[in-house]
Amino acid sequence: MTLSKLATDDLALFGGPATFSPPKSIGSLANPDPTKLLDYSRIFYDQHRYTNNGPVNRMLEDRLAKWHRAERCVTFANAFWGLSLAIRYLAIPGRSEVITPSLTYRRMGEIIASAGMVPRFCDVDPETLAQTEETTRQWINRDTALVLGAHPTVNCCDAAGLERLSAETGIPLLFDSVESAFETTKGRRVGTFGRAEGFSIHATKLINGFEGGYLVTNDHELADWLKLMRGFGIPEEDEIVCFGMNAKLNEIHAAMAMASMDDLDALVERNRQRYLAYRELLAGIEGISLRLFDEEEQTSFKNILVRLDQKWPLSRDDTLAILQAEGALARPYYSPALHTHKAGFETRSGYLPVAEQISKQFMLLPCGDQMGRRDITVLVELLGFVTAHAVEIGKALNAVNNLEVRTGYDPVAVRRETPLKESHEE
Amino acid sequence: MKNELGQFALLGGTPEFATELHVGQLYFPEWEQYEAAMRGIIDRKYYTNHGPLIRELEARLEDFFEIGNAVTVTNATIGLYLVCLALGLKRKVLMPSFTFVATAQAAVLAGLDPVFCEVDPYSHQMTPATAEQALESGVSAVCPVNLWGGSADIPPLEDWARSHNLPLFFDSAHGFGVERTEGKLGRFGCAEVFSFHATKIMTATEGGCICTNDDELAERIRNMRSNYGIRRPMPVSLTVNARMSEAQAAIALMSLEGIDGRIANNRMIFDTYRSALDTVPGVRLIHPSNVTRSNYQCIVIEIAEDLFGLSRDLLWSVLRAEGVRARRYFKPGIHRSIPFNTLYPQYVEALPTTDALCGTVLQLPIGALVTTEDAERIGSLICDAHAYADGLLACG
C-alpha cells in the first residue's frame, strides 16, 4: 500500500477514494487470542456464574491489584460509574466542588455531576499538558470537596505534587488514570497515588475488556465500600448496608480483560515499534511534532499525539477533516476544553488560557495493532502531501466553505456521519 | 421425603440436595454457540460503541415488543436512572417499597426522593388505591413495578395517574415476555425498563433495555446513554456511559431466540410446584397477576405461620440446610433499609402491608439449573416441614 494521491482532487475530501478502508481509529482495539478468551470463559461457564463478583472478576481484581502494586482492586461496569461512586464516597460532606483539569476526558464533568457534585475546572501546564499542584491550588476554596486529578494521554501529571497538595489541605485526592494504566512516574507505578486511581478497560484502552473499568487503592475500607456500592449496597443476602447501584462488571468482560492482559507486554513492544516509526517519519515533516514518551519511565507507547505549530499550513480542524475523509480517524485532543463547552449541568471555572490554547493545537493519530508499519508510512506521506499541496488545498477548502455559506450544505458534517459511526473512541 | 425429625438436615440429617439449588434463571447459550459468537466478535474487531450486534438486538427487540424504540443499556438500574433524567423529573417519585432496592436507588441517583406506597396484599402489585393513599405534594411521576412475572393493574393506574396529571413509567425488570390482554409489557406508560441480568429470563449477563413509543423521549435517552447510537443529536442534561457491549448483545440475541422454550420450561416447573404445594396449609403460591401470559421467572410463596406451623424464617432455615437456597425477597423492605430509613424516616412505620409481606414471602429455585423433579422434591420438603412443624419448632 502506498499513497496514491497526485493532485488535490485525489483527496477523499474532494471526491477521491479514501486511503484507509476500513478506517483506522485512535483506539487501541487490542485483539486478544480468542482461545484465551474462551479458556477464561470456561471458568465462569462451568460454575454458571455470569456476573455478581464471579470467579473471573475475582481473578482479574487480584491480577490488576498486583500489576499496579496496589493492595486492592475493584472492577466496575465501566470507568464512568467507578469514578462516580468513588467521588460519592470520598467527597468531603457538605461541600459541592470537585476540581479537575479542563483539558481531559470529555465526560469528566458528567462523571462529577452524576455523583451530585459540581465540576470546577483548572488549567494545565503548557509543557506537560497536565494539571499541576499550582494550577490546582489556585482554585481550592471552602467548597472544595475533592480533587479529581487526571493524567494526560502521553506521560503522567505530577501525581506526587498533587499528593503533597492533598496532604497540606486535607482535600481528598482521586485520580482518573485511564491513559496511564501501564506507566510509572518518577519510578513509582501508577495505581497507588491519592486515595484511589480509576482505569478503563473499554475496547479502545490498553486492556480490552469490551466495556469496563476498575479502581485500585491501598485503602481497604474504601475498597470494601466501593464493592458494596457497585452491588446495590448488599453485602450478604437480606442485608443492605449503604447506598448503591448496579455498576458490576460481568464475567465475559472480565474474561476478555484477562485474555488481553496475557498479550500486554507484547502489545506494548508493538506499540513501541509503531511509536518509533511515527517518530522517525514525522521528523521529516515541518510544522508537526510528535509528543515524546518519557522513555526513562515505564510507558505503554499507546497514544500518538501530535502538535500542529505555526509552520503547519492548515488549521487543525481542516487537517482533521482531510484525514478523517481518508479513513484516518484522527481526533482533536481534548477539544473543546471542558470549561469552554456548554454543559447541561452546573460547572464552575475561571480564566484558563493554557487549556483553551492547547485544545486547538493537538490531535491524536491512529494507533494500536490496526496500524502496521506501512499504514504509518502512508499516513505520514499523506501529511506530507497535505503540506506540499497546502495552497491548492486551502483554495479547495475555501470553495467548499463558500458552497456551505451559499447553500447551507455542510459536506464536512455529511462526511462526518459515515466514518465516525465506525470509529472507536470512548 | 423425611420420615422422621432427625432426617432434616437442620437437625443433622443428610441434605436433600448435594448441590445447592439457587433462585434465578441462569439460562445461558450452549458452549458452541457462545464460542462462535465470541470468535465472530474478535474477527469483526468491533467490541462496543453501538456495533452491529447491538443494532441488530435493538431492532429485534423492537419487533419482539412491537414498539417504536428499544434502547439497550448497561443494566436496568441505569435504565431507570436514565428514564428519570430524560423525563426531567423533579423532587419526588411515587413507587412501591415492595420491590428490589434498585428501583429506589435509581431515583436517588437521579437526584429524586422516593415516596413509598403500599401494594395489594394479595397480588403484591401497586394499585390506584395504594398510590392515592401515599400521594403527596412534590410527586412528579409514578413508577409502578410489574412484579413476579405478573403486572400491576395497569389501565386503572394509568387512569389514576392521568387524573393527577402525573407521568407513569414502569420498572419491568421481572416482566420480559409477559403479556396482558392489551399486548406485551413494554408498551405501557411513558417507558418501561427491563432487566437482562443473568437471573432474569432474558439475559445478557448484565444489561437491560428501555422501551417506549415516545420517539422524542427515546432519542433523549440515546443522547444520554453515550455518544454512539444517537439518531439525532439534541442537548441533554447529562451524557453518561450506559452502553451494552457487543458481547452482551451476542448473549442477548441468543437469549431472545430461545425465549419461548425457556418460558415453557419455567411453566412446567411452576405447575410442578403448584401441584406439590396446593394442599399444604399455610402456603400460598403467588400466581402471576393481571396477565394472560407470564414468563414464570419467579416462584414466590407466602407462609401463613399460624396455618403452616413454622415461620417463614424457620422454613427458610430448614430449606437452606437441605441445599435449597430460597431467598427472602424483599427483606428488609426498602423503607427500612439504609439509607432510606434515615433519609425518609416518615415511611419506616407507615407501610404495614409491605412489612407483613417482607416477613412472609419466600422465593424458591427455578430456572436452568432446576428440574421438575427438583421442584417436586422441594415441594415435598415443604410438606414435610409442615408435617414435622412442632418438632422443628421445638428444636429450632
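Asker: Before we go on, may I ask you to explain the domain arrangement of chain B in this structure?
Answerer: Buried accessible area, meaning the area lost when the parts come together, often serves as the stated size of an interface. Residues and elements named next belong to chain B. Entries for chain B in the domain assignment read domain 1 (5-24 + 259-326 + 365-395) and domain 2 (31-257). Inter-centroid distance (C-alpha atoms) of domain 1 to domain 2 is 30 Å. At the interface, 17 residues of domain 1 touch 23 residues of domain 2. Counting residues per element, the side of domain 1 that touches domain 2 draws most heavily on helix α9 (residues 259-277), which supplies three residues.

Asker: What exactly am I supposed to notice about the interface of chain B and chain A here?
Answerer: Contact with chain B, which involves 45 residues of that partner, is made by 43 residues of chain A. The set of elements that each furnish at least two residues to the side of chain B that touches chain A consists of α1 (31-44), α3 (76-86), α4 (102-109) and α8 (246-257) of chain B. In terms of residues, the side of chain B that touches chain A owes the most to one element, α1 of chain B, which gives six residues. Across the side of chain B that touches chain A, the residue classes tally to 22 nonpolar, 14 polar and nine charged.

Asker: I'm lost on the nonpolar core in this one. Help?
Answerer: Soluble globular proteins tend to bury their nonpolar side chains together. Within the largest apolar cluster, 268 residues are counted, with the highest numbers of intra-cluster contacts made by Ile87 of chain A together with Leu82, Cys84 and Val93 of chain B. Once you skip the residues sitting within four places of it in the chain, Cys84 of chain B turns out to touch Leu89, Val93, Ala106, Ala107, Ala110 and Leu112 of chain B.

Asker: How do you make sense of the sheet that holds strand β10 (residues 208-212) of chain B when you look at a structure like this?
Answerer: Strand pairing in a sheet relies on backbone hydrogen bonds. The paired strands run either parallel or antiparallel. All names here are of chain B. Strand order in the open sheet formed by four strands is β2-β10-β9-β6, with mixed pairing between adjacent strands. In this open sheet, the two edge strands, each paired with only one partner strand, are β2 (69-73) and β6 (169-171). For this sheet, the mean inter-axis angle between neighbouring strands, taken without regard to orientation, is 20°. In terms of strand pairing, β6 meets strand β9 (residues 191-195) through three bridges, oriented parallel. Residue Phe169 lies in a different strand from β9, and its bridge partner there is Ala191. Helix-sheet contacts for α3 involve β2, β6, β9 and β10, and the interaxial angle to β9 is about 165°.

Asker: Where do I start with the sheet that holds strand β12 (residues 299-303) of chain B in this structure?
Answerer: Residues and elements named next belong to chain B. The three strands are arranged β11-β12-β14 in an open sheet whose pairing can be described as antiparallel. Two strands bound the open sheet, and with one partner strand each, they are β11 (283-285) and β14 (361-364). On average, each strand axis in the sheet is inclined to that of its neighbour by 30°, with strand direction left out of account. Relative to β14, β12 runs antiparallel, the two sharing four bridges.

Rules behind the numbers
Residues numbered from 1 in each chain as written. Chains lettered and ligands numbered in written order. Predicted model: local features only at pLDDT ≥ 70, side-chain atom pairs only at ≥ 80, totals over all residues. Domains from an automatic or database assignment. Contact = placed C-beta atoms within 7 Å. Helix = DSSP H or I, 4+ residues; strand = E, 2+ residues; numbered from the N terminus. Nonpolar A, V, L, I, M, F, W, Y, C, P; charged D, E, K, R; others polar. Core = buried A, V, L, I, M, F, W, Y, C linked by C-beta atoms within 7 Å. Buried ≥ 20, exposed ≤ 12 C-beta atoms within 10 Å, placed from the backbone. Pairing = 2+ DSSP bridges. Axes fitted to C-alpha atoms, helices over the stretch in contact; angles between N-to-C directions.

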